[in-house]
Each structure stands twice: as structure tokens, then as C-alpha cells.
Amino acid sequence: MRKTLPADFLSLIEKNFPKDFLQRSEATCAQYGDDWSKTLTIDAAAIAFPRSTQEVSKLLALTYEFNLAVVPSGGRTGLAGGASATNGEIVLSLERMNKMGEVDVLGQSLHVEAGAITELVHQHCEAAGLLWPIDFAAKGSSHIGGNLSTNAGGVKVIHYGMSRNWVLGLEVVLPNGEILSLDSALEKNNTGLDLRQLFVGTEGTLGIITAAILKLTRPPESLQSFFFAVKDTASVFQLFLEARKGPFKLMAFECLSEACLKLVETKMSLLSPLQTRGGAYVLLEAEVAPSDAVREAQEKWLEQLFTKEIVLDGTMSQSPREARNYWAIREGVPEALFMAGYVHKNDISVSVSKLEGFITELDTLFAAEYKGIETYTFGHIGDGNLHLNALRPDHANLESFQKHCHTVDEKLFQLVKKYSGSISAEHGIGLLKKDFLHFSRSEREIEIFRGIKKLLDPKNLLNPGKIIDPL
Ligand code: MLT
Ligand code: ZN
């Protein structure tokens, strides 16, 4: 049964907000109460749809007064349950707050509301000859506010870094309704603690990001994509070393296993651009200067990959359409996995120079622990970030499969800890990884998180239970 909200609260909502502000139908609560992880039992009391920061502030002042918990929600593309309501909370959807300002070409910046969709922001910037460089498969649904709250990464992190590098200013509403303007949009501001960064990556546990000033850059002049088949993990890293030294600027170095390629081919009807099959495949994207000399150097670079037997096969895109096809294969993997059934997901990172050793131990662990279970590995090798997926076999009971995966997770995270890695490279902690936070963060660090949470959200009303539990 869904939680009933206090009658006084509801009458104040009715009096002070538009008619369509708070929606309580079962279908709306189910839809807006969850993210793409689809693992948790959802229990949202109502969904609020503000149109402005003032409305967010007015709502939070009220929920603070009535001690009601609130879960902020963006495009709901998260994979860690960070935007899931599981305890009768009010979900605050930012989807109506999607206005974008004019691109400031001189200042290379853009003011956007939190609900602006990433791909539309890309298009808006492109029309002005600029780029907001955070790019990932879910860009058609994800919101800027969500990207910043989760410090989204994606496929170009090797060159541009994460979302936190591409924000100049923020507007945040605190749990008691107070509006904090951190939007001076200064590139240089050495006046002590950078409060903006406190709200980036903390999954809406400290405040709700309602608007941002994004930092923009010039798009790369000319991009070239390559798709390679390699024999094994060792060859992936040999290729990566060659790519680091290549006659171009490396923009992306993505990898997928043979199992991932097969799955994309069957589920999404996509075809590999190569005849040769390998143990793994690499999608490399580079910015190349459009000159004959560079083209020649690039061809030589490619040739030596074959003579040194680093790659089994490879191809270079001859048109933007061909490049898009390579990307469709890589970005199709998560979608193909969703289509294949229930998938237990992990998203870990290890410093790239230690990654090869880590993968060797990981292969042994998975071979021993996931007998009869298909596993699919892909990700952003260039950033040391692997996405690990175990697919529930048709005959397996969901609950016992999840239980088994959790025992394997304990061993996986021990291994991640041994390599000084992170149990969540880009998907966040949310509810799903909370119990494992201690593998990547010290007790003292967690204690400091709790202290900051207490300072900003003394009643523990904003996205409670996400990342950490209160003191
Ligand atoms: C990706 O890199 O495609 C995403 O992080 C999605 C995923 O891991 O499922
Ligand atoms: Zn990813």
C-alpha cells in the first residue's frame, strides 16, 4: 500500500501550487519512482513536477516542515538505484525545468535548467559551433541535472574527463528550501572551498541541482574511428600503448568482448564491420589533422599494428556513417543486455597501468564463480573502467541468482580493493552499492561524508539512504 501524505500538507499543495503539480496515480508513481536499474521494489507516495526553482524551493520548505522525504529525479537512466523511491518518498521530477539559454560564444558557456536533455544540449551547442563534451549512450534520455548529480562519465572521459570538469556554476536548493546560487561562472575563483563540487557526484543527497552554467569547448576538427579485432586482453593493452603514441589525439578507447559482439549482433541485428573474429574488439576514436602528411603517418601507424601482430584485423571509417555504425555496436551493448534478460551489473575501475593484471585475476574469479552463467565485459578501457555483467540463465530463480551474484561481488570488490580501484567508476553508489562503499572509501572518509550530510540535511530528508546511512 502506498503511503498516505498528511491532509494538511496536501491542502497546502492544493492552495499554493498549480493543479498538475503533484500527481499520485499508481502508474505515474511506478514510472517516475525508479531508474534503469529496475532491481528494487518501488514505493513512491507522489510525484512533484515543478516548473521553476522557486517551486522546488517552496516544495522543499513544506516537506521540511512536515518531515517528508524527497527523492530528486532526472532522466532516470541511473543504474545504481540513486533515483529510486523505495520508502514512500515524494519524487521530485525536474523534467519540466528544461529551458536552455543562449550559448555564450565569447565565454564558451551555457545556462541550462536541470531537466534539459543531454542530447538536446549537444544540439543546441553544436548550432553555435561549440560542444559540451560529456557523451554516453543514454544521452537521449539523461538530464543535465542528473549528469552533474552523478558526475556522469561516458565514452570520451579519456580526453575530456568527467562531468565535474565541465560545469562553471550551479543553482542548488537545499533540503530546507533555501536557494544557493553558486553561479558566478568564473573559471578562476580561488576563494576557498569550491562548494559547487560538493553537489557534483553526491547523487542529490545534499541539495537539488536546479540549474547549471556549463563550460563548453570547440568540437574536434576531424574525427577518425577504427574498429579492431584482437586476440586477447594482452593485445588490447599493446594496442592501447600504440594508440597513446599514435599520430593523433586519442578521444576514445573502448573495448568489448566477443560475447558482447555476438549479443549485439543477435539482439540488435547489427553486423561487425570485420570478417575476422577475435577474443575482444576495440573501438578507437581519434582527432586527426586533415593533412596528407598526417594521413600518411596514420596509415603507417595502422600498418605496423599488423606487422607487429598486435591486431588480427582492423578497419578505419571512410565516412561519418561508418563511424556511427562502429559506435552503434559499442553503445548497443547495454541495450542488447537489457533485451537478453535480467543482468547483474558492476562498474569498476582500476588505474589503467594495473588493469591488465586485474583482468587476469578477474577472469579466474569469474570462471570459478560464474559457472554456467554468461558474463559480458565491456567498457572504457582507456579510463581503466570495466562494465561487468552477469546474465541470469533462463532456468535460474531470480532471488537465488541475485544472492549468488552478491557473494561473487564480495570477492570482486576484494580484488578491486587489492588493486586500489573503485567499486563504482561512473554509475554511482545509490542504494545498490551502498553496502560495499567501504571497499573503496575509508571509515574516516565515510564519517566525513556523514558529517557534511548532517550539516546540510540535518533531518535526513533528501534522497535518504543513498550512498550512506546517517550517523
Ligand atoms: C555504458 O558505458 O554503455 C554505460 O555505462 C552503460 C552500462 O554500463 O550499462
Ligand atoms: Zn559506461
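In this text the structure is predicted, and so the values were computed from the model without any measurement. (Residues numbered from 1 in each chain as written. Chains lettered and ligands numbered in written order. Predicted model: local features only at pLDDT ≥ 70, side-chain atom pairs only at ≥ 80, totals over all residues. Heavy atoms only, no water.)

In space, the 7 strands of this open sheet follow the order S12-S9-S11-S10-S14-S15-S13, with antiparallel pairing throughout. If you trace the sheet from one side to the other, it starts and ends with strand S12 (313-316) and strand S13 (343-349), each paired once. With strand direction ignored, the average angle separating the axes of adjacent strands in the sheet is 15 degrees. As judged from the 7 bridges shared by S13 and strand S15 (residues 385-391), these two strands associate in the antiparallel manner. From the neighbouring strand, Ser 349 faces S15, where its bridge partner is Asn 385. Contacting strand S9 (223-230), strand S11 (280-287) and S12, helix H10 (residues 292-307) runs over the sheet at an angle of about 5 degrees to S9. (Pairing = 2+ DSSP bridges. Helix = DSSP H or I, 4+ residues; strand = E, 2+ residues; numbered from the N terminus. Axes fitted to C-alpha atoms, helices over the stretch in contact; angles between N-to-C directions. Contact = heavy atoms within 4.5 Å.)

This part is about helix H8 (residues 233-245). Two residues of an α-helix separated by three or four positions point the same way, owing to the 3.6 residues in each turn. Between its terminal C-alpha atoms H8 stretches 19 Å, which fits the 18 Å expected from 13 residues at 1.5 Å a residue. Among all positions in H8, only Ser 235, Val 236, Phe 237, Leu 239, Phe 240, Glu 242 and Ala 243 are buried. Elements in contact with the buried residues of H8: helix H6 (157-160), S9, strand S10 (249-257), S11, H10 and helix H12 (355-369). (Expected span 1.5 Å × (residues − 1). Buried < 20%, exposed > 50% of the residue type's maximum accessible area, 1.4 Å probe, protein only.)

Near ligand 1, the surroundings consist of Leu 79, Arg 330, Pro 334, Lys 345, Phe 378, His 380, His 387, Glu 426 and His 427. A distance of 3.1 Å separates an oxygen atom of ligand 1 from a polar atom in the side chain of Glu 426. Taking His 427, its side chain carries an N or O atom lying 2.8 Å from an oxygen atom of ligand 1. Elements with a minimum of two residues in the shell around ligand 1: helix H11 (320-340) and strand S14 (374-380). (Near = heavy atom within 4 Å. Polar contact = N/O pair within 3.5 Å; in protein donor to acceptor, adjacent residues only side chain to side chain.)

On to the coordination of the zinc ion (ligand 2). Those donors, His 380 (NE2), His 387 (NE2) and Glu 426 (OE), are the protein atoms that reach the zinc ion (ligand 2), and they lie 1.7 to 2.2 Å from it. Each donor residue of the zinc ion (ligand 2) belongs to the same chain, with the gaps between them written as H-x6-H-x38-E. One end of the pair, His 387, is in strand S15; the other, Glu 426, is in the loop between helix H13 (398-418) and helix H14 (443-456), with 39 residues separating them in the sequence. For the pair His 387 and Glu 426, one class covers both residues: buried. (Donors = N, O, S within 2.8 Å, 3.2 Å for Na, K, Ca; no water.)

In this structure the tally under the stated criterion is 19 aromatic pairs. Geometrically, the ring pair formed by Tyr 342 and Phe 401 is edge-to-face, given 6.1 Å between the ring centres and 85 degrees between the ring planes. Pair noted here: Tyr 342 is in the loop between H11 and S13 and Phe 401 is in helix H13, with a separation of 59 residues, a long-range link. Exposure remark for Tyr 342: the relative accessible area of 17% places this residue in the buried category. The rings of Phe 226, Phe 228, Phe 248 and Trp 301 are connected pair by pair, giving a single aromatic cluster. (Phe/Tyr/Trp six-rings, centres within 6.5 Å; stacked < 30°, edge-to-face > 60°.)

Bear in mind that shape data such as this cannot, by itself, settle questions of function.
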